[in-house]
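Architecture at a glance
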Amino acid sequence: MPALIFCREAARANIPALAAVLAFLLLLPVLAAGSAHADGKPLVLEDYFRGRTVGEGVFESRIAGIRRPFTVVTHGTWNPKTFTLRLREDFRFADGERDTKVWFFQKVAENRYIATRSDVLNPVTITTGGSSIRFDYAARLETESGPVAVRFFDTLTRVDARTLRNTAEVRKYGITVGTVDLTFRR
């Protein structure tokens, strides 16, 4: 259907339909290649996060005028008996604030996990496959005014064998109130 819409719009602009279809077909491999990882290996949480990783990132909220760079050091331990990845995240913000979060990812099927963390309001179901993983969850954040519930929409994308990019939107009442852009390196 998108190719038909593209052709119709091209015809309105007096571009020959055949040229428009050819241009669209030539773009398909480029678009497909952009979503695939170079070595073709899927992103497996317990493989990538086992041991120590270091990340550098920034939280931004244009609404509140906040930009907070941070580093995070993770320590992941895989328990093959319980199929659980314990991932400790130690955050250090540029302003000196520190925070620690601990995730538990229990593998319940080949490409599926149930994740929990003390400040996450409900267990999170994560389905994997390919070089990216998307998941969302509601979390309770502590602020100077008291706890606030927000929803995170995370995407983990494998850049190469040693690099993982984590982007997230943080929403309140469906409105994006902040973003996170974080790069992990092994």
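Analysis parameters
Every chain is numbered independently, its residues counted from 1 as its sequence is written. Totals for whole chains, interfaces and linings use all residues, but because this is a predicted model, local features are given only for residues with pLDDT of at least 70 and pairs of side-chain atoms are given and counted only at 80 or more. To get the side-chain values, take all heavy atoms of the structure and skip hydrogens and water. Any residue with an atom within 4 Å of a point lines the site, the site being either a cavity, points on a 1 Å grid over the protein atoms alone where a 1.4 Å probe fits but cannot get out, or a pocket, an open set with protein on both sides within 12 Å along at least 5 of 7 lines. Grid points are joined across faces, edges and corners, and a volume is the space filled by probe spheres set on the points. Numbered from the N terminus, helices here are DSSP runs of H or I no shorter than four residues, and strands are runs of E no shorter than two. Ten residues, namely Ala, Val, Leu, Ile, Met, Phe, Trp, Tyr, Cys and Pro, are considered nonpolar, four, namely Asp, Glu, Lys and Arg, are considered charged, and the remaining ones, Gly among them, are considered polar. The pLDDT value tells you how sure the predictor is about a given residue, anywhere from 0 up to 100. Note on contacts: a residue pair is in contact if any heavy atoms of the two residues lie within 4.5 Å. Should a side-chain nitrogen of Lys or Arg be within 4 Å of a carboxyl oxygen of Asp or Glu, the pair is scored as a salt bridge. Throughout, exposure labels follow a simple rule: accessible area from a 1.4 Å probe, protein chains only, divided by the maximum for the residue type, with under 20% read as buried, over 50% as exposed, and the rest as partly exposed. Whether two strands pair depends on DSSP finding at least two bridges between them. Axis definition: a line fitted to C-alpha atoms, over the contacting stretch in the case of helices. Angles run 0 to 180 degrees between N-to-C directions.

In this model, the largest pocket occupies a volume close to 1,200 Å³. If you trace the largest pocket, you find 39 residues lining it, with Phe59, Phe93, Leu141, Phe152 and Val180 closest to the centre. Elements supplying a minimum of two residues to the lining of the largest pocket: strand E1 (51-61), strand E2 (66-79), strand E3 (84-93), strand E4 (98-109), strand E7 (132-143), strand E8 (146-160), strand E9 (163-172) and strand E10 (175-185). When residues in the lining of the largest pocket are grouped by element, the largest group, 6 residues, is from E7. A breakdown of the residues in the lining of the largest pocket according to their chemical character gives 25 nonpolar, 3 polar and 11 charged.

Residues at a pLDDT of 70 or more form 78% of the protein, whose mean pLDDT is 83. Within the model, the stretch residues 1-38 combines pLDDT values under 50 with 14 contacts to residues more than four positions away or in other chains.

Tallied over the entire structure, the rule returns 12 salt bridges. The salt bridge involving arginine 50 is made with aspartate 47; its shortest N-O contact spans 3.8 Å. Taking relative accessible area as the criterion, aspartate 47 reaches 48% and is therefore assigned partly exposed. Measuring nitrogen to oxygen at the nearest pair gives 3.3 Å for the salt bridge that ties aspartate 99 to lysine 101. According to the relative accessible area criterion, aspartate 99 is partly exposed, its value standing at 28%. Salt bridges linked by common partners bring Asp99, Lys101, Arg117 and Asp119 together as one network.

Here the focus is the sheet that holds strand E6 (residues 124-127). Strand order across the open sheet formed by 10 strands is E6-E5-E4-E3-E2-E1-E10-E9-E8-E7, with antiparallel pairing between neighbours. Two strands bound the open sheet, and with one partner strand each, they are E6 and E7. Direction aside, neighbouring strands of the sheet carry axes that sit 25° apart on average. Judged from the 12 bridges that link them, E7 and E8 form a sheet pairing that is antiparallel. Looking at E8, one finds that alanine 139 is bridged to valine 150.

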